[in-house]
Amino acid sequence: RSLHGDSPLAARPYGSRTAGRGDRRRGPPARSGGAILKMAMTPSASPTGPTPLPSAHAAAVQELLRGHAPFDRMDPDHLEFVVERLSWVRYAAGEVVLDSGRGPPEWLHLVGGGEVVAEPPVGGGPGDADSIPLGEGSCFPLAALLTARPVLFTYRALAETTCYLLPAADFQTLLELSPVFQDFC
C-alpha cells in the first residue's frame, strides 16, 4: 500500500543520467493541466542519494498526492509538511528500490510515476501471484517504518519510476501530527 532546486520545467521526455549505483535516473514528474511535465536534469552534488524536491514543483506534487489516499483526506497543513520535506529519485526498470539487506528503511517511498512491485522473500518475481504491484500514489514500506525493522519484501521498479522520499523521522512526526495519516498506517 539537497541540492539543485532551480531546474526549469520542460515538456519533454525524462532526462537521464547515471548516478553511481546502476542506472538510476532522477526527476519528479510534475503535473500541469492534466499533462505530465518533466524536469530538466541538472548535475547533482550527491550522485547516489535522493535530490531535494525543487520548491517550484511543490504545488504540482501536492496536487498529485491529493489524488491518493491518505493525502486526499489530510489537513492541508499536514500535506504541506510532507511536500516541504520530500526528495525524489528516479529508478530504471528492473532496479531494486529497497530490499532487506539495507537495514531499517530511511525513507517512506511515495510512487510519483511508474510502477514498483513488492516481491515476497521466497519465490517471488514481477509476475508471481504473491507479488504486489504499487502504482502512482502508493506508499511503502509502512510496516518496516512503523517497527524500525528491515523490509521483508524486495521492491523493484517495473518501469522507469519516480519515487518521492519522506525521511523516516518526518514520517514519525507526521504520524503524531495527522490523525488521518495515523489511521491509514
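Let us look at the structure shown here. (Residues numbered from 1 in each chain as written. Predicted model: local features only at pLDDT ≥ 70, side-chain atom pairs only at ≥ 80, totals over all residues. Heavy atoms only, no water.)

1. With respect to the nonpolar core
Counting residues in each nonpolar core, the largest one holds 23 residues, and the members touching the most others are Leu65, Val82, Leu86, Leu108 and Leu110. Counting residues per element, the ones that place at least two in this core are α1 (58–66), α2 (76–84), β7 (107–113), α3 (142–147), β12 (161–167) and α4 (168–177). When residues of this core are assigned to their parent elements, the largest contribution, 4 residues, is made by α2. Not counting residues within four places of it along the chain, the set of residues in contact with Leu86 comprises Pro52, Leu53, Val61, Leu65, Leu110, Tyr164, Leu165 and Leu166. Of all hydrophobic cores here, the second largest spans 15 residues; its members include Leu98, Val151, Tyr155 and Leu165. (Core = buried A, V, L, I, M, F, W, Y, C linked by side-chain atoms within 4.5 Å. Buried < 20%, exposed > 50% of the residue type's maximum accessible area, 1.4 Å probe, protein only. Helix = DSSP H or I, 4+ residues; strand = E, 2+ residues; numbered from the N terminus. Contact = heavy atoms within 4.5 Å.)

2. Comments concerning the sheet that holds strand β11 (residues 154–157)
A sheet is described by the order of its strands in space; here 4 strands give the open sequence β6-β11-β8-β9, paired in antiparallel fashion. Two strands in the sheet have a free side with no partner beyond their single neighbour: β6 (96–98) and β9 (132–134). On average, each strand axis in the sheet is tilted by 30 degrees relative to the strand beside it, whichever way the strands run. Of the strand pairs in this sheet, β6 and β11 are connected by 2 bridges, and their pairing is antiparallel. Of the residues in β11, the one forming a bridge with Val96 is Arg156. (Pairing = 2+ DSSP bridges. Axes fitted to C-alpha atoms, helices over the stretch in contact; angles between N-to-C directions.)

3. A short note on the state of the cysteines
In total, this model carries 0 disulfides according to the counting rule given. Cys139 carries a free sulfur, and the closest cysteine sulfur to it, the one in Cys185, is 7.4 Å from it. Its relative accessible area of 1% is what places Cys139 among the buried residues. (Disulfide = S-S within 2.5 Å.)

Coordinates in, geometry out; function isn't part of it.
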